[in-house]
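# Structural features, examined
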2 protein chains.
Amino acid sequence: MTRPYAGKLDIKHGTVNMSHGSGGRAMAQLIDQIFMFHFDNELLRQHNDQAAFKVNAGRMVISTDAHVIAPLFFPGGDIGSLSVHGTINDVCMSGAKPLYLSAAFIIEEGLALCELERIVISMAKASREAGVPIVTGDTKVVEKDNGDGVFITTTGVGVIPDGINISGERASPGDVIILSGSIGDHGMAVLSSRENLSFETTLQSDSAALHGLVKSMVEVAPNIHCLRDPTRGGLATTLNELALQSSVGMILDEQSIPVKAEVSGACELLGLDPLYVANEGKLICICDAADADRLLTAMHSDPQAQDAAIIGKVVADEHHMVQMQTSFGGSRVVDWLAGEQLPRIC
Amino acid sequence: MTRPYAGKLDIKHGTVNMSHGSGGRAMAQLIDQIFMFHFDNELLRQHNDQAAFKVNAGRMVISTDAHVIAPLFFPGGDIGSLSVHGTINDVCMSGAKPLYLSAAFIIEEGLALCELERIVISMAKASREAGVPIVTGDTKVVEKDNGDGVFITTTGVGVIPDGINISGERASPGDVIILSGSIGDHGMAVLSSRENLSFETTLQSDSAALHGLVKSMVEVAPNIHCLRDPTRGGLATTLNELALQSSVGMILDEQSIPVKAEVSGACELLGLDPLYVANEGKLICICDAADADRLLTAMHSDPQAQDAAIIGKVVADEHHMVQMQTSFGGSRVVDWLAGEQLPRIC
């Protein structure tokens, strides 16, 4: 289907203007030559305002995330790959196999078309690598200074295999807490690329899709109780959420929590605690102690979770506190994140 | 579940600040006291990062829309109700019954909490009235002047009844084109409320959920070929899209297209053509001529489509042109919208 506009977008020199959000010719041109061209798949090619697909009877999940990360490009990723990984991860933390994504773009007038294309190419690559196509979308444009480059909201749907029941309220005393790898990489990589905070580092964001890892985990331990990716608010806040949802306490062992030397160094420099720094390619798993060995073996055979470790245990606690046994032999409360630590980190 | 923060948000005097997007305590407070409180439903109450629900085997649809309308409140609606209606309509234009919505908020620092609450209450009301709950969501905050009040991206999923096959490429010569009611109401109502364009009118947006209307239509005529809501770009652009998708031409009869006197008056004043002005509660239906009477009878018994009328027919045309027989007896080409007519209209 060739849409009725003359010629090609000047992606090299052009910028997005208000007419690209009009619903008319210019929008059709932008959609066809950038979004459709790179995301290309059968459902998108139907040019309807929705995508239809067949499902088998069962349980489905839906999850959505708005991505407003600044800057748009950072070591190890960009807003495009992040918006694919972030939503795939939210879908698969239920144990589900992610099926399809939608993507809605809010673009600030003046964004260079070459930047937009670079982001879309990165999204398309992340989506293809994950095997989760972007099947429907929307494009809006707002005036200069009413947005910031581009915001991308992705929504994912997936199917939960029979027999899986993973949810935040299923942690119970005696369970062990497994973390899939080092914390703080994403947050510190993004911070290192902010103009006002620039510091020397070779740190990369850990941004990655975790559905392959989750699949191998539920295969060996279908009775996993909780899975969650510790994004905004970091490991500390995510564990507090789970403790509250399940009405339990937790005791962590500081020495068992992997933190890269570069992350802890940068955190010290900036007065941050890595426990509260965002991750985009890590997960927390809470399970029966009896399942832990099998899970760790499965996780260690996945390149994304080679440093997976048991970092603590679930205990009875009517105050739902998360506590940590420190490297110095003491104990401290690990509270929810208060205030604002790292704005626009995802 | 009571989350661990002291006291209540000061909704009357407070504003959104960056900590409300942090992932920590302040965000939990905002989510619980505004979003969860008003959207309240069983799936949302589970506090997971995704919502799980059962489906029967069949065909599902997914559709997404980012809403960036300015101003946030307009005669007949606001960004909250619009974001529910818009996505329900995109889902049901496939013939599907909408099941669930997700909602992702991008809030500009400084938005008054009372305005946010007013929008959320309106969203909750629209969602309840439509019977389509908001089951999962996300909240981000961006710095002042990097957003504009609030942007809301909603995504909807639904199920298509067996035997329904509605798609933009199914129009064929001989088909009739039905429009459900008057055009231009939404666009002109929004324009009337813009500071720089204020004009006297009692016009209201037609923003409404159309899934009830669609249900009664597919019941009497399961073989409907195309359904689409003429939003951005208006009736003219939507018909051109359909003509192109189906590789057909269209001939419209100007006199049969309902336009309210206030809309045509305001359009004349501002130099706009109502054919290109956005609608948010109207649909175009293309069907076999033999189905038209039954459809019109069903539509006329629905308060949302009492002015439904046949406005034209589908013809063979290798150039996929939409033409109109004017009230003066002439004929003119109705082209795609070019340039930008009404920015940020949805």
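Residues numbered from 1 in each chain as written. Chains lettered and ligands numbered in written order. Predicted model: local features only at pLDDT ≥ 70, side-chain atom pairs only at ≥ 80, totals over all residues. Heavy atoms only, no water.

### Some points on the interface of chain B and chain A
How we decide: Two residues qualify as a contact provided that any one of their heavy atoms is within 4.5 Å of a heavy atom in the partner residue. Simply put, the buried area is the total loss of 1.4 Å probe accessible area from both parts when two parts are fitted together. The term salt bridge refers to a side-chain nitrogen of Lys or Arg lying within 4 Å of a carboxyl oxygen of Asp or Glu. Residues adjacent in sequence count toward polar contacts only when both atoms are side-chain atoms; beyond that, a polar contact is any pair of N or O atoms within 3.5 Å, and within protein one must be able to donate a hydrogen and the other to accept it. Numbering of helices and strands starts at the N terminus; helices are DSSP runs of H or I of at least 4 residues and strands are runs of E of at least 2. Any two strands with at least two DSSP-identified bridges between them are counted as paired.
Of the residues lining the interface, 80 residues belong to chain B; the matching set on chain A comes to 80 residues. Note on chain B versus chain A: buried area summed over both sides is about 6400 Å², and carbon and sulfur give 58% of it. The tally of links between chain B and chain A comes to 8 salt bridges. The salt bridge partner of Asp65(A) is Lys140(B), with a shortest N-O separation of 4.0 Å. Our count for the chain B to chain A interface comes out at 39 residue pairs in polar contact (both at pLDDT 80 or more). Breaking the side of chain B that touches chain A down by element, the ones donating at least two residues are α1 (25-39), β1 (51-55), β2 (58-67), α2 (79-92), β5 (97-108), β6 (134-142), β7 (150-160) and α6 (234-246) of chain B. Counting residues per element, the side of chain B that touches chain A draws most heavily on β2(B), at 9 residues. Of the strand pairs in this sheet, strand β2 (residues 58-67) of chain A and β1(B) are connected by 5 bridges, and their pairing is antiparallel. From the neighbouring strand, Val61(A) faces β1(B), where its bridge partner is Ala52(B).

### Things to note about the relation of the copies chain B and chain A
Selection rule: Alignment of copies: least-squares fit on C-alpha atoms of residues with pLDDT of at least 70 in both copies.
Take chain B, turn it by 180 degrees, move it 0.0 Å along the axis, and it overlays chain A with an RMSD of 0.0 Å. Put plainly, the chains are arranged around a two-fold axis. In this assembly the copies share their binding face: 100% of the residues contributing to the interface of chain B also contribute to that of chain A.

### Observations concerning the domain arrangement of chain A
Many structure descriptions define interface size as the accessible area lost when the parts assemble. All names here are of chain A. Selection rule: Each domain's limits were defined by an automated method or a database of domain assignments. We call Asp, Glu, Lys and Arg charged. Ala, Val, Leu, Ile, Met, Phe, Trp, Tyr, Cys and Pro are nonpolar, and the rest, Gly among them, are polar.
Segmentation of chain A into domains returns domain 1 (18-160) and domain 2 (176-333). In this assembly, 20 residues from domain 1 lie in contact with 21 residues from domain 2. Carbon and sulfur atoms make up 60% of the surface buried where domain 1 meets domain 2, a total of about 1600 Å² over both sides. It is Pro75, Asn89 and Met93 in domain 1 that bury the most area against domain 2; as a group they hold 35% of the surface buried on that side. On the surface where domain 1 and domain 2 come into contact, there are 0 salt bridges. Where domain 1 meets domain 2, there are 9 residue pairs in polar contact (both at pLDDT 80 or more). If you list the elements that add at least two residues to the side of domain 1 that touches domain 2, you get β3 (73-74) and α2 (79-92). Of the residues assigned to the side of domain 1 that touches domain 2, the class counts are 13 nonpolar, 6 polar and 1 charged.

### Some thoughts on the pattern of salt bridges
Note the cut-off: Note on classification: 1.4 Å probe, protein chains only; a residue is buried when its accessible area is under 20% of the maximum for its type, exposed when over 50%, partly exposed between these limits.
Applying the stated criterion across every chain yields a total of 30 salt bridges over all chains. The salt bridge involving Asp138(A) is made with Arg232(B); its shortest N-O contact spans 3.0 Å. Here Asp138(A) is found in strand β6 (residues 134-142), whereas its partner Arg232(B) is found in the loop between β9 (226-228) and α6 on a different chain. Here the two residues Asp138(A) and Arg232(B) agree in accessibility, since each one is buried.

### As for the layout of surface pockets
What counts here: Here a cavity denotes a set of grid points, spaced 1 Å apart and computed over the protein atoms alone, in which a 1.4 Å probe fits but from which it cannot get out, and a pocket denotes an open set meeting protein on both sides within 12 Å along at least five of seven lines; residues with an atom within 4 Å of a point are reported as lining. Grid points are joined across faces, edges and corners, and a volume is the space filled by probe spheres set on the points.
Of the voids in this model, the largest pocket is the one considered here, and its volume is about 280 Å³. The wall of the largest pocket is formed by Ile69(A), Ala70(A), Pro71(A), Leu72(A), Asp148(A), Gly149(A), Ser193(A), Arg194(A), Glu195(A), Pro343(A), Arg344(A) and Glu143(B). Residues belonging to the lining of the largest pocket are distributed by class as follows: 5 nonpolar, 2 polar and 5 charged. When we break the lining of the largest pocket down by domain, the ones giving at least three residues each are domain 1 (18-160) and domain 2 (176-333) of chain A.

### A few points about the pairing of β5(B)
Residues and elements named next belong to chain B. Our working rule: By convention, a crossover is right-handed whenever its connection, traced from the first strand over the helix to the second and viewed with the strands pointing away, goes clockwise.
Across the 12 residues that make up β5, a large majority, 11, are buried. Here 10 bridges tie β5 to β7, and the two strands are oriented antiparallel to one another. Counterpart to Pro98 in the pairing with β7 is Gly158. Pairing of β5 with β6, which is carried by 8 bridges, proceeds in the parallel orientation. Paired with Ser102 across the bridge in β6 is Thr136. With respect to chirality, the unit in which β5 leads through helix α3 (residues 113-130) into the neighbouring parallel β6 is right-handed.

### So, the sheet that holds strand β13 (residues 322-325) of chain B
Residue and element names in this part refer to chain B. Where we set the bar: Lines fitted to C-alpha atoms define the axes, with helix axes restricted to the stretch in contact, and inter-axis angles between N-to-C directions lie between 0 and 180 degrees.
Judged by pairing direction, the sheet is mixed, and its 7 strands sit side by side in the order β9-β11-β8-β12-β10-β13-β14 without closing on themselves. The open sheet has two edge strands, β9 and β14 (331-333), and neither has a second partner. With direction set aside, neighbouring strand axes in the sheet form an average angle of 25 degrees. Bridge count for strand β8 (residues 176-179) against strand β12 (residues 309-315) is 4 bridges, and the pairing is antiparallel. Bridge assignment links Leu179 to a residue of β12, and that residue is Ala309.

### Some thoughts on the packing of aromatic side chains
Rules: The pairing test for Phe, Tyr and Trp rings, Trp by its six-membered ring, is centres within 6.5 Å, and the orientation test on the planes gives stacked under 30 degrees, edge-to-face over 60, and tilted for anything in between. We count a charge as sitting over a ring when the NZ of a lysine or the CZ of an arginine lies within 6 Å of the ring centre and within 35 degrees of the ring normal.
Overall, the coordinates contain 9 aromatic pairs over all chains when judged by the stated rule. Centre to centre, the rings of Phe35(B) and Phe105(B) are 4.4 Å apart; their planes meet at 40 degrees, and the pair counts as tilted. In this pair, Phe35(B) is assigned in helix α1 and Phe105(B) in strand β5, connecting sequence segments 70 residues apart. Every member of this aromatic cluster is reached through a ring pair, and the members are Phe35(A), Phe39(A) and Phe105(A). Across the ring face of Phe73(A), the terminal group of Arg118(A) is positioned such that the distance to the ring centre comes to 3.7 Å.

### Some thoughts on the pairing of strand β10 (residues 249-253) of chain A
All names here are of chain A. Examined bridge by bridge, β10 and strand β12 (residues 309-315) share 4 bridges and lie antiparallel to one another. Across the sheet, Met250 pairs through a bridge with Val314, a residue of β12. Strand direction decides the pairing type here: β10 and strand β13 (residues 322-325), joined by 4 bridges, are parallel. When the sheet's bridge partners are listed, Ile251 is paired in β13 with Gln323.

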